[in-house]
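One-letter residues, chain by chain:
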Amino acid sequence: ETGVTQSPTHLIKTRGQQVTLRCSSQSGHNTVSWYQQALGQGPQFIFQYYREEENGRGNFPPRFSGLQFPNYSSELNVNALELDDSALYLCASSQGPWTDTQYFGPGTRLTVL
Amino acid sequence: TQLLEQSPQFLSIQEGENLTVYCNSSSVFSSLQWYRQEPGEGPVLLVTVVTGGEVKKLKRLTFQFGDARKDSSLHITAAQPGDTGLYLCAGAGNTGKLIFGQGTTLQVKP
């Protein structure tokens, strides 16, 4: 077990709604990265937060946004949900930005109807 | 754009057989990692390879990093049903983010 926790485990939303997913990083880790994993695919990088600032972003639209708090926990917010946003959302924590070793949480399964 | 291609995408074998999964790119990576993911869980790191030509062994699993640091392979000897899962390779890209391959789904039948 990595010590990275995510909530909720599962979530069902309808198109156009907004969702907030939460992640608690492993003790001693100051960096959180978020990934989207479609069924049967590898995870795709959404963005990374280091010391409460966004520190890199993948190819995702602005309706995907995030926050990191002083205790290094993090939120992923998605506005105006689309059907294609249905996926497993993973967060990973690490001891610093751009370090190779990232520890993943169990993920949040989001279904958009 | 840095991409990682994994092959095969699906593999179904009998217990006791050997198998190899490949991870290829046209780009150089500073390191490559292999993860295993089970349904409903996040990826779990198996190994990180850093040096070109490096070989690492983890019990029945052997990982190799290509000399040019553009490719890697995972070889499993005498596969067991407990090896069933999604195997992912990931490279540390030039912006530091992890770039994942599309994964190899392995099913080992008893």
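Data block above holds the structure.
None of these values were measured; they are calculated from a predicted model.

J.: Where do I start with the overall build of chain B in this structure?
T.: A tally of helices and strands in chain B yields zero helices and 11 strands. When the elements of chain B are put in sequence order from the N terminus, they spell out β-β-β-β-β-β-β-β-β-β-β. Radius of gyration (C-alpha) of chain B: 13 Å, near the 13 Å computed for a compact globule of 110 residues. Seen along its three principal axes, the alpha-carbon backbone of chain B occupies a region of about 40 × 30 × 20 Å. For chain B, with 110 residues in total, the buried portion stands at 47%. For chain B, the proportion of contacts with a sequence separation of at least 24, taken over those separated by at least 6, is 54%. Total accessible area on chain B stands at roughly 5,200 Å², and carbon and sulfur atoms take up 50% of it. Charge centroids of chain B, computed over 9 positive and 9 negative side chains, lie 5 Å from each other.

J.: Would you mind showing me how to read the interface of chain A and chain B here?
T.: Where the parts come together, the accessible area they lose is often given as the size of the interface. Contact with chain A, which involves 16 residues of that partner, is made by 20 residues of chain B. Roughly 1,400 Å² is buried in total at the junction of chain A and chain B, and carbon and sulfur atoms are behind 57% of that figure. In this assembly, chain A and chain B are joined by zero salt bridges. At the boundary of chain A and chain B, one finds two residue pairs in polar contact (both at pLDDT 80 or more). Broken down by secondary-structure element, the contributors of at least two residues to the side of chain A that touches chain B are β4 (31–37) and β9 (87–94) of chain A. Looking at the side of chain A that touches chain B, its residues break down into eight nonpolar, seven polar and one charged.

J.: Any chance you could explain the sheet that holds strand β1 (residues 5–7) of chain B here in plain terms?
T.: Paired through their backbone hydrogen bonds, the strands of a sheet run either parallel or antiparallel. Residues and elements named next belong to chain B. Taken in spatial order, the five strands of this open sheet run β1-β3-β8-β7-β6, and their pairing is antiparallel. Strands with a single pairing partner mark the edges of an open sheet, and in this sheet they are β1 and β6 (55–58). With strand direction ignored, the average angle separating the axes of adjacent strands in the sheet is 15°. In this structure, β1 lies alongside strand β3 (residues 19–24), joined through three bridges in antiparallel fashion.

J.: Just checking my understanding: could you explain the nonpolar core for this structure?
T.: Ranked by internal contacts, the top residues of the largest apolar core, which has 21 residues, are L19, W34, L74, I76 and L106 of chain B. Contributing elements (two or more residues each) for this core: β3, β4 (32–37), β5 (44–49), β7 (61–65), β8 (71–76), β9 (85–92) and β11 (104–109) of chain B. For L106 of chain B, the contacting residues outside a window of four places in its chain are L11, I13, L19, I76, D83, T84, G85 and Y87 of chain B. One finds V4, L21, W34 and L81 of chain A within the second-largest nonpolar core, a separate group that totals 20 residues.

J.: What's the story with unusual backbone geometry in this structure? I'm lost.
T.: Excluding glycine, residues mostly carry a negative phi; peptide bonds, for their part, are mostly trans. For the peptide bond that leads from S7 of chain A to P8 of chain A, omega is -10°, which places it in the cis range. Position of P8 of chain A among the secondary structure elements: in the loop between β1 (5–7) and β2 (10–13). Here S7 of chain B and P8 of chain B are connected by a cis peptide whose omega angle stands at -10°. Its place among the elements puts P8 of chain B in the loop between β1 and β2 (10–14). With a phi close to 75°, E52 of chain A is a non-glycine residue in the positive phi region.

J.: Is there a simple way to think about the pattern of salt bridges in this case?
T.: If charged atoms from side chains of opposite charge come close, those side chains can pair. All chains considered together, the criterion is met by seven salt bridges over all chains. Across the salt bridge formed by K56 of chain B and E54 of chain B, the nearest N and O atoms sit 3.7 Å from each other. Of the residues examined, K56 of chain B reaches a relative accessible area of 32% and is grouped as partly exposed. Salt bridges sharing common partners tie together R63, E82 and D85 of chain A.

J.: Sorry, what's going on with the state of the cysteines here?
T.: Joining two cysteines, a disulfide is a covalent bond between their sulfur atoms. Residues and elements named next belong to chain A. Summed over all chains, the structure comprises two disulfides over all chains. Between the sulfur of C23 and that of C91 lies a disulfide, 1.9 Å long from S to S. Judged by the sign of its S-S torsion, about 70°, the cystine formed by C23 and C91 is right-handed. A residue pair is termed long-range when its members are at least 10 positions apart, and C23 in strand β3 (residues 19–24) and C91 in strand β9 qualify at 68 residues. Given a relative accessible area of 2%, C23 falls into the buried group. A relative accessible area of 0% means that C91 is categorised as buried.

Definitions and cut-offs
- Residues numbered from 1 in each chain as written.
- Chains lettered and ligands numbered in written order.
- Predicted model: local features only at pLDDT ≥ 70, side-chain atom pairs only at ≥ 80, totals over all residues.
- Heavy atoms only, no water.
- Helix = DSSP H or I, 4+ residues; strand = E, 2+ residues; numbered from the N terminus.
- Rg over C-alpha atoms; globule rule 2.2 N^0.38 Å.
- Buried < 20%, exposed > 50% of the residue type's maximum accessible area, 1.4 Å probe, protein only.
- Contact = heavy atoms within 4.5 Å.
- Areas by Shrake-Rupley, 256 points an atom, 1.4 Å probe, with all protein chains shown as cover.
- Lys, Arg positive; Asp, Glu negative; His and termini not counted.
- Charge placed at Lys NZ, Arg CZ, Asp CG, Glu CD.
- Buried area = accessible area lost by both parts, 1.4 Å probe.
- Salt bridge = Lys/Arg side-chain N within 4 Å of Asp/Glu carboxyl O.
- Polar contact = N/O pair within 3.5 Å; in protein donor to acceptor, adjacent residues only side chain to side chain.
- Nonpolar A, V, L, I, M, F, W, Y, C, P; charged D, E, K, R; others polar.
- Pairing = 2+ DSSP bridges.
- Axes fitted to C-alpha atoms, helices over the stretch in contact; angles between N-to-C directions.
- Core = buried A, V, L, I, M, F, W, Y, C linked by side-chain atoms within 4.5 Å.
- Disulfide = S-S within 2.5 Å.

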